[in-house]
Each structure stands twice: as C-alpha cells, then as structure tokens.
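This is what each chain is made of:
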Amino acid sequence: VVYAGLFEALGCGKKSLLISLIRQIVIIIPLGFILSRIWGPVGIWVCFPIAEFLAAGMARGMVKKQNLILMMGDKMFSFQVDLTKDKILKAILIFAIPIFISNIFQQFYNTVDTMIVGNYLGDNSLAAIGACNAVYELLVGFALGVGNGFSIVVARSYGAGDESLLKRSVAGAI
C-alpha cells in the first residue's frame, strides 16, 4: 500500500494501479483460497500480511528495475504529469482515475471474498473476517497515512528544488 502511494505521489498512476490489482487479484484471492483450505479461517487472516509483503517486494523490484526514482542525467524524476505546468483538471483526473478503478476492484474483491467465504467456509468464518476487518482497516489506514506523509515531504523537497534533500526523502520513504 505504501509503494502504491509512492507511485501515485510520483505521478505514476498506472504503476500504482498495477500494484494494487496484482496485490488484490493475483495474490490475495488465490492465496486466501489456498490458505483457507489449509488453516481454515486463520489462513484468510494470514494471507493479507503475506500479500502486502509480496506486493512490496514486487514494487521494490519495479523501482530498481526501471530506475524510476533516481535517474541519471538532467532529470531527477520521471514524471508523467507536471502539476506546475499542466492543466490542473487534467492532472487531477490522471491521478483520480487509477485510484477510482483500484477502489472498484477493491469492492469487487470484498464482494467475491464474502461470497466465497460465506458459501464454502460457513458462517463462523465469515464472522471471523468481519471481526478482523477493523484491525485490517486500521493497518491499511496507517500505511496510507505513512505513504501520504512521505509524499508531502517528497513534494516539499521537489518544490524547493533541493535535490539532496529530495534524494534523502525518497530514500527515507522506501
């Protein structure tokens, strides 16, 4: 979740959406199904931190592979949107559309998760997910808050034109 926020802060909405979709569809759904067969309701609870860890590893690999954050040459960053020069409505829409699509997939995932657990694992398992949902939302909210906090520090460094502080801020965020 933190890496998705970092990609959003850097103006890479497509990469943020890709990380979110892979985390939800490719990792959580199959992993939740497999682990619930092995450990029952505990397997569903365990699949979320495993999915977060795998998604963070995938995002870190994307950062290293494409050299997204620190670039050599004249540019410090590879931005797709420049909020200081582009039209503000266009920039907001470019940021908002991937987030909106990600939220739709999150709701779809929650619906499918409820159907699968309710039909195959029973009422007790569905109640266990409901009871653990508050803790999960707390952790996700914390991670989003940390990501948003780092994006503010990175944005201030970029706006001030302080390349040294900017590199330290991005390194600290990772």
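Residues numbered from 1 in each chain as written. Predicted model: local features only at pLDDT ≥ 70, side-chain atom pairs only at ≥ 80, totals over all residues. Heavy atoms only, no water.

### Quick word on the overall build of the protein chain
Argument step 1. If you tally the helices and strands in the protein chain, you get 6 helices and 0 strands.
Argument step 2. Traced from its N-terminal end to its C-terminal end, the protein chain shows the element sequence α-α-α-α-α-α.
Argument step 3. In the protein chain, which comprises 174 residues, the proportion classed as buried is 32%.
Argument step 4. Accessible surface for the protein chain amounts to roughly 10700 Å². Of this, 67% is attributable to carbon and sulfur atoms. (Helix = DSSP H or I, 4+ residues; strand = E, 2+ residues; numbered from the N terminus. Buried < 20%, exposed > 50% of the residue type's maximum accessible area, 1.4 Å probe, protein only. Areas by Shrake-Rupley, 256 points an atom, 1.4 Å probe, with all protein chains shown as cover.)

### With respect to the packing of helix H5 (residues 123–160) against helix H6 (residues 163–173)
Argument step 1. The interhelical angle for the contact between H5 and H6, taken along N-to-C directions, is 165 degrees, at an axis separation of 8 Å. As summarised for this structure, H5 and H6 are arranged roughly antiparallel, according to the angle between their axes. Of the two elements, H5 crosses H6, and the hand of that crossing is left-handed. Contacts from Phe150, Val153, Val154, Ser157 and Tyr158 of H5 reach H6 at Leu165, Leu166, Ser169, Val170, Gly172 and Ala173. (Axes fitted to C-alpha atoms, helices over the stretch in contact; angles between N-to-C directions. Parallel < 35°, antiparallel > 145°, perpendicular 65-115°, else oblique. Left-handed = near helix turned anticlockwise from the far one by under 90°. Contact = heavy atoms within 4.5 Å.)

### Overview of the side chain of Ser169
Argument step 1. With respect to the secondary-structure elements, Ser169 resides in helix H6.
Argument step 2. Residue class for Ser169 comes out buried when judged on its relative accessible area of 8%.
Argument step 3. Within the local environment of Ser169, its side chain forms a polar contact with the backbone oxygen of Leu165, the two atoms lying 2.7 Å apart.
Argument step 4. Beyond its immediate stretch of four places on either side in the chain, Ser169 contacts Val153, Val154 and Ser157. (Polar contact = N/O pair within 3.5 Å; in protein donor to acceptor, adjacent residues only side chain to side chain.)

### Structural notes on helix H4 (residues 88–121)
Argument step 1. Taking 1.5 Å of rise per residue, the 34 residues of H4 would be expected to cover 50 Å, and the 48 Å separating its terminal C-alpha atoms lies within 8% of that figure.
Argument step 2. Residues of H4 that are buried: Ala91, Pro98, Ser102, Gln106, Tyr109, Asp113 and Val117.
Argument step 3. After H4 finishes, the residue Gly122 shows a positive phi value of roughly 100 degrees. (Expected span 1.5 Å × (residues − 1).)

### With respect to the nonpolar core
Argument step 1. Of all hydrophobic cores here, the largest spans 12 residues; its members are Ile27, Ile28, Leu31, Leu35, Ile44, Cys47, Phe48, Ala51, Tyr109, Val117, Tyr136 and Val140.
Argument step 2. Contributing elements (two or more residues each) for this core: helix H2 (13–39), helix H3 (41–66), H4 and H5.
Argument step 3. In contact with Val117, other than residues within four places in its own chain, are Ile44, Gly122, Ser125, Leu126 and Ile129. (Core = buried A, V, L, I, M, F, W, Y, C linked by side-chain atoms within 4.5 Å.)

### What to know about the side chain of Ser157
Argument step 1. By the element assignment, Ser157 lies in helix H5.
Argument step 2. Accessibility expressed as a relative area gives 2% for Ser157, which makes it buried.
Argument step 3. Here Ser169 takes part through its side chain, which lies 3.2 Å from a polar atom of the side chain of Ser157.
Argument step 4. The residues touching Ser157, leaving out its near neighbours within four places in the chain, are Asp162, Leu165, Leu166 and Ser169.

### Considering the pattern of salt bridges
Argument step 1. On inspection of all chains with the given rule, the structure shows 1 salt bridge.
Argument step 2. Residues Glu163 and Lys167 are paired through a salt bridge, measuring 3.2 Å at the closest nitrogen-oxygen approach. Taken together, the residues Glu163 and Lys167, both in helix H6 and 4 residues apart, mark about one turn of the helix.
Argument step 3. Using a relative accessible area of 38% as the deciding quantity, one classes Glu163 as partly exposed.
Argument step 4. Of the residues examined, Lys167 reaches a relative accessible area of 41% and is grouped as partly exposed. (Salt bridge = Lys/Arg side-chain N within 4 Å of Asp/Glu carboxyl O.)

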